[in-house]
Amino acid sequence: MRASVLIKSSLLTSLFVISSCATTKYSEDISQNNYSNLKTGKIYIVEKKDGSAKEKILFKNIVGDNIVGTKGKKDSTEVTIPKSAIASVKDRSIARVTGGAVVIGAAAVAAIVISSNRAD
């Protein structure tokens, strides 16, 4: 009985870990990135190749070889980042949702294991 509960809980944990890899990313190979998946009005986290701090931007549009946005919804300071300087772009909202799902899943697995130990 105990082994089957552990197998079920490990399968559930694996499901949540796999689902946590659902952020939008663009590789360093510029020729493969057309950035057409970026949506106007969404907040993205941009990591640069030079290793400087990650930047949170509210995406506006693409002008030539640059991504244009603002620093946030309340801060209207314009930010222009060349595509050639970008290492990755991540969708912040998806990362939050999957992070929350992982936490909830871990709590559910812990509850299953604890309840199975008490039942024995």
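Our structure is the block above this text.
Residues numbered from 1 in each chain as written. Predicted model: local features only at pLDDT ≥ 70, side-chain atom pairs only at ≥ 80, totals over all residues. Heavy atoms only, no water.

Novice: Whenever I open this one, the pairing of strand β2 (residues 55–63) confuses me. Can you help?
Specialist: Along a regular strand, successive side chains alternate from one face of the sheet to the other. Across four bridges, strand β1 (residues 43–48) lies against β2 in antiparallel orientation. Paired with Ile45 across the strands is Lys56, a residue of β2. Here β1 folds back onto β2, and the loop between the two strands holds six residues, one of which, Gly51, carries a positive phi near 85°. Bridging between β2 and strand β3 (residues 66–70) involves five bridges; their strand directions are antiparallel. When the sheet's bridge partners are listed, Val63 is paired in β3 with Asn66. Between β2 and β3, which pair antiparallel one after the other, the connecting turn spans two residues, and Gly64 there sits at a positive phi close to 65°. (Pairing = 2+ DSSP bridges. Helix = DSSP H or I, 4+ residues; strand = E, 2+ residues; numbered from the N terminus.)

Novice: Honestly, the sheet that holds β2 in this entry has me stumped. Any pointers?
Specialist: Two pairing modes exist for strands in a sheet, parallel and antiparallel, and in both the strands are linked by backbone hydrogen bonds. Strand order in this open sheet of five strands is β4-β3-β2-β1-β5, and the pairing throughout is antiparallel. Across the chains shown, the open sheet's two edge strands, defined by having one partner strand only, are β4 (78–82) and β5 (86–91). On average, each strand axis in the sheet is tilted by 45° relative to the strand beside it, whichever way the strands run. Note: β3 against β4, five bridges, orientation antiparallel. Among the inter-strand pairings, Gly69 is bridged to a residue of β4, identified as Val79. (Axes fitted to C-alpha atoms, helices over the stretch in contact; angles between N-to-C directions.)

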